[in-house]
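Residue-level listing of the chains:
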Amino acid sequence: MVVFTRLLRQSWGGCAAAALSIALVAGGSGVALAQEGSGSEPVRPLNQASSSLSIASGQQLMTEASAAIADQNYPLAEEKLKAAKESFNQLSTYYQELAQMFVGVDTQINRSNREKALETAQLRDQASYQLALVYRSQNQANEAVPLLMEILRSQQPTRDLGQRAYQQLFELGFVDEPYNGRAAATPVEPAEPAEAVEPAEPTE
């Protein structure tokens, strides 16, 4: 343990290695590592935009994609939107799994993670729609159609994003009949994660 601690200090140096050494010595005692931020609350790494497993990171990718589209740099926009779509889909799956784990165990944790699953699924579908538009702008309809179908499966044609996806299919000539229906008048929840099963509410 002493040799391992010395190697850590040589590799990382400073307080970070010292803190990790303390945690290693503590073993299974539950000592948590927390970097101090500007306030009294510890920094939570996965809440930061620098983490690939954060909503902020995916939103930053979409912002960068929008800037690339404005510059007509479509290859870069495609790269950023693909990364955002993958990130949001992974997050949505994780949150949905967590929500299911807490069905009948803790209602608040179940609800919190279910809401995050729905939020990230909606963001995933928005990234997919923007990516489909990028493909369409480059006359790559064969690449756009699968994305538009994914959106429709998730959103359904009664929701605004689902209607826009169907309209794209119509404009591309993939379907023959336009859809003139309106989005649902009452608010609806965002789409569930792909292929996810909605957890049942716990029995009171």
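Here the structure is a predicted model, which is why all the values come from computation and not from measurement.

Draft legend 1. A look at the overall build of the protein chain. Per the secondary structure count, the protein chain includes 7 helices and 0 strands. Order of helices (α) and strands (β) in the protein chain, N terminus to C terminus: α-α-α-α-α-α-α. Considering the protein chain as a whole, with its 204 residues, one finds that 33% of them fall into the buried category. Nonlocal contacts in the protein chain, meaning residues at least 24 apart in sequence, comprise 57% of its contacts between residues at least 6 apart.

Draft legend 2. Local environment of the pattern of salt bridges. One pass over the full model with this rule turns up 6 salt bridges. When the shortest N-O distance is used, the salt bridge between E64 and K80 registers 2.9 Å. You can see E64 sitting in helix α3 (residues 55-70) and its partner K80 sitting in helix α4 (residues 74-101), a full 16 residues away along the chain. Accessibility expressed as a relative area gives 28% for E64, which makes it partly exposed. The salt bridge involving E171 is made with R136; its shortest N-O contact spans 2.6 Å. Separated by 35 residues along the polypeptide, E171 in helix α7 (residues 160-172) and R136 in helix α5 (residues 107-137) bring together distant segments of the chain. For R136, a relative accessible area of 28% corresponds to the partly exposed category.

Draft legend 3. The arrangement of unusual backbone geometry in detail. The backbone of N139 sits at a positive phi, close to 60°, despite the residue not being glycine. Residue position: N139 is located in the loop between α5 and α6 (141-155). Even without glycine at this site, Q156 takes up a positive phi of about 70°. Within the fold, Q156 resides in the loop between α6 and α7. Of the residues examined, Q156 reaches a relative accessible area of 40% and is grouped as partly exposed.

Draft legend 4. Representation of the packing of α5 against α6 in the model. Taken N-terminus to C-terminus, the directions of α5 and α6 make an angle of 155°; their axes are 9 Å apart at the nearest point. As far as their axial angle goes, α6 and α5 are roughly antiparallel. Seen along the crossing, α5 lies across α6 with a hand that is left-handed. Between α5 and α6, the residues in contact are Q122, R124, D125, S128, Y129, L131, A132 and Y135 and E143, A144, L147, L148, E150, I151, S154 and Q155, respectively.

Draft legend 5. Broad picture of the confidence of the model for the protein chain. Here the protein chain shows a mean pLDDT of 78. Residues at 70 or above account for 64%. Contacts for the low-pLDDT stretch residues 1-37, under 50 throughout, to residues beyond four places or in other chains number 23 contacts. The low-confidence segment residues 184-188 (pLDDT under 50) makes 2 contacts with residues lying over four places distant or belonging to another chain.

Draft legend 6. A look at the nonpolar core. By size, the foremost hydrophobic cluster in this structure holds 20 residues, and its most contacted members are L148, I151 and L169. Among the secondary structure elements, those contributing two or more residues to this core are α3, α4, α5, α6 and α7. Take this core: its biggest share by element is 6 residues, from α6. With sequence-adjacent residues up to four places away left out, L169 is seen in contact with V145, L148, M149, L152, F174 and V175. Core analysis: the second largest hydrophobic core is formed by 10 residues, I55, Y95, A117 and A127 among them.

Draft legend 7. Representation of the packing of α3 against α4. Packing of α3 against α4 brings their axes to within 8 Å, and their N-to-C directions diverge by 160°. Classed by the angle they form, the pair α3 and α4 counts as roughly antiparallel. For the pair α3 and α4, the sense of crossing is left-handed. Each of I55, G58, Q59, L61, M62, E64, A65, A68 and I69 in α3 lies in contact with α4, whose residues at this interface are Y74, L76, A77, K80, L81, A83, A84, F88 and L91.

Criteria and cut-off values
Residues numbered from 1 in each chain as written. Predicted model: local features only at pLDDT ≥ 70, side-chain atom pairs only at ≥ 80, totals over all residues. Heavy atoms only, no water. Helix = DSSP H or I, 4+ residues; strand = E, 2+ residues; numbered from the N terminus. Buried < 20%, exposed > 50% of the residue type's maximum accessible area, 1.4 Å probe, protein only. Contact = heavy atoms within 4.5 Å. Salt bridge = Lys/Arg side-chain N within 4 Å of Asp/Glu carboxyl O. Axes fitted to C-alpha atoms, helices over the stretch in contact; angles between N-to-C directions. Parallel < 35°, antiparallel > 145°, perpendicular 65-115°, else oblique. Left-handed = near helix turned anticlockwise from the far one by under 90°. pLDDT = per-residue confidence, 0-100. Core = buried A, V, L, I, M, F, W, Y, C linked by side-chain atoms within 4.5 Å.

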